Amino acid sequence: RTLEERLANYIIEGSKEGLYKDLDEALVKYPDPLDIINGPLMDGMDEVGKLFNNNELIVAEVLQSAEAMKAAVAHLEPHMEAKEADDRGKGKILLATVKGDVHDIGKNLVEIILSNNGFQVVNLGIKVTSNELIEAIEREDPDYIGLSGLLVKSTQQMVITANDLRERGVAIPILVGGAALTRKFTETKITKQYNGLVLYAKDAMNGLSIANKLAK
Ligand code: B1M
């Protein structure tokens, strides 16, 4: 098996046996650790999604895959390039997975990438209700909000959340992302419920480039 096949396989099998050794090998081969995540590890996760969809994996097995992915990302994180100290201070962003949704690997990747690139990130975790978000906004006074959600119903939850925030007078830019979301849905459905900018990011790097533009 090639290195890439082995890396994908750790995620598919939900196994960590040999994972770190192969990740260290990959760190030599790939100059940017993010390419290991976006390449072989995500290929594995896509396969998990397919198998899960076909009822060939059960939730407990997918959870193991998620554990392997988290372990891999944690192992790679110290190798990701952090920006110089003088590039700090691009602003504060609150990150949350919306109410009803437990998926957090993508959100946590966004956290790593933004905090490595000059943003102060407050990660509110998963299943975050509008009220919890509003409390956090009052407490933290952020410059931006980032919402993540992977389920189809989470896209609708983002519409509700945007509406709740608007009713409370919140108008700071919102960055949204997640597998079930599209730019079209964002621009037609979520934006309508909000008084400020709502920007769709297709992946974590895209999220960074949008956040960088906002910070200018
Ligand atoms: Co779930 N799950 N899951 N799951 N799970 C999906 C999403 C699903 C597509 C699988 C499938 O059926 N093919 C399906 C959703 C169906 C739908 O609504 N369309 C599904 C389902 C059905 C479920 C349950 C309902 C299963 C059940 O209980 N019967 C349940 C839901 C529980 C709940 O939320 N209430 C459930 C549970 C779980 C686990 C707990 C087992 C586990 C999550 C563990 C965890 O996150 N801690 C899990 C997993 C791992 C998946 C899949 C296989 C992988 C998700 C993942 O981590 N991908 C997923 C299938 C798939 O996506 N292929 C699936 C890797 C991650 C890096 O990508 O999060 O998409 P992602 O993030 C991307 C972009 O989306 C974007 O950037 C990242 C890449 O750079 N992005 C942002 C995301 N958030 C962003 C925010 C931004 C910007 C970009 O700015 C703020």
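Predicted model only: the values in this text are computed from it and were never measured.

The pairing of strand β1 (residues 92-97) with strand β2 (residues 120-123) spans four bridges and is classified as parallel. Within the sheet, the bridge partner assigned to Ile93 lies in β2 and is Val121. One crossover worth recording links β1 to the parallel β2 by way of helix α5 (residues 105-115), and it is right-handed.

To continue, consider the side chain of Thr186. Along the chain, Thr186 turns up in helix α8 (residues 183-190). Polar side-chain contacts of Thr186 include one of 2.8 Å to the backbone oxygen of Thr182. Contact partners of Thr186, with chain neighbours within four places excluded, come to Val176, Leu181, Thr191, Val198, Leu199 and Tyr200.

A few words on the coordination of the cobalt atom of the ligand. For the cobalt atom of the ligand, the protein contributes exactly one donor atom, His103 (NE2), at 2.2 Å. Following the sequence through the fold, His103 ends up in the loop between β1 and α5.

Turning our attention to helix α4 (residues 59-76). Between the first and last C-alpha of α4 there are 26 Å, a value that for 18 residues agrees with the 26 Å anticipated at 1.5 Å per step. Here α4 has its buried residues at Val62, Ser65, Ala66, Ala68, Met69, Ala71, Ala72, Val73 and Leu76.

Here α8 has its buried residues at Phe185, Thr186 and Ile190. Take α8 and look down its axis: the buried residues cluster within an arc of 100 degrees, on one side only. What points out from α8, more than 90 degrees from its buried face, is the exposed set Lys184 and Glu187. On its buried side, α8 packs onto α7 (152-167), β4 (174-177) and β5 (198-200).

Once that is clear, we can look at the site of the ligand. Lining the immediate environment of the ligand, one finds 35 residues, of which Gly100, Val102, His103, Asp104 and Ser148 sit closest. Asp104 places a side-chain nitrogen or oxygen 2.7 Å from a nitrogen atom of the ligand. With respect to the ligand, the backbone of Val152 contributes an N or O atom lying 2.9 Å from an oxygen atom. Secondary-structure elements contributing two or more residues to the shell around the ligand are α3 (33-53), α4, α5, β3 (144-148) and β4. At six residues, the largest contribution of residues to the shell around the ligand is made by α3.

Another aspect to go through is the nonpolar core. Ile36, Ile37 and Leu41 are the most contacted members of the largest nonpolar core, which totals 41 residues. For this core, the secondary structure elements donating two or more residues are α1 (3-13), α2 (19-29), α3, α4, β1, α5 and α9 (204-215). Contacts of Leu41, omitting those with residues within four sequence positions, involve Leu7, Ile11, Leu23, Ile36, Met69, Ala72 and Leu76. If you look at the next biggest cluster of nonpolar residues, it comprises 24 residues, including Val98, Val128, Ile137 and Ala162.

Okay, the packing of α5 against α9 next. Between α5 and α9, the least distance of the axes is 9 Å, while the angle of their chain directions is 45 degrees. In terms of their interaxial angle, α5 and α9 are classed as oblique. As for how α5 packs across α9, the hand of that crossing is right-handed. Residues Leu109, Val110, Ile113 and Leu114 of α5 touch α9, and the partners they reach there are Ala204, Met205, Leu208 and Ala211. When its residues are assigned to classes, the contact of α5 with α9 shows eight nonpolar, no polar and no charged.

Conventions we followed
- Residues numbered from 1 in each chain as written.
- Predicted model: local features only at pLDDT ≥ 70, side-chain atom pairs only at ≥ 80, totals over all residues.
- Heavy atoms only, no water.
- Pairing = 2+ DSSP bridges.
- Helix = DSSP H or I, 4+ residues; strand = E, 2+ residues; numbered from the N terminus.
- Right-handed = clockwise from strand over helix to strand, strands pointing away.
- Polar contact = N/O pair within 3.5 Å; in protein donor to acceptor, adjacent residues only side chain to side chain.
- Contact = heavy atoms within 4.5 Å.
- Donors = N, O, S within 2.8 Å, 3.2 Å for Na, K, Ca; no water.
- Expected span 1.5 Å × (residues − 1).
- Buried < 20%, exposed > 50% of the residue type's maximum accessible area, 1.4 Å probe, protein only.
- Arc of directions from axis to C-beta.
- Near = heavy atom within 4 Å.
- Core = buried A, V, L, I, M, F, W, Y, C linked by side-chain atoms within 4.5 Å.
- Axes fitted to C-alpha atoms, helices over the stretch in contact; angles between N-to-C directions.
- Parallel < 35°, antiparallel > 145°, perpendicular 65-115°, else oblique.
- Left-handed = near helix turned anticlockwise from the far one by under 90°.
- Nonpolar A, V, L, I, M, F, W, Y, C, P; charged D, E, K, R; others polar.

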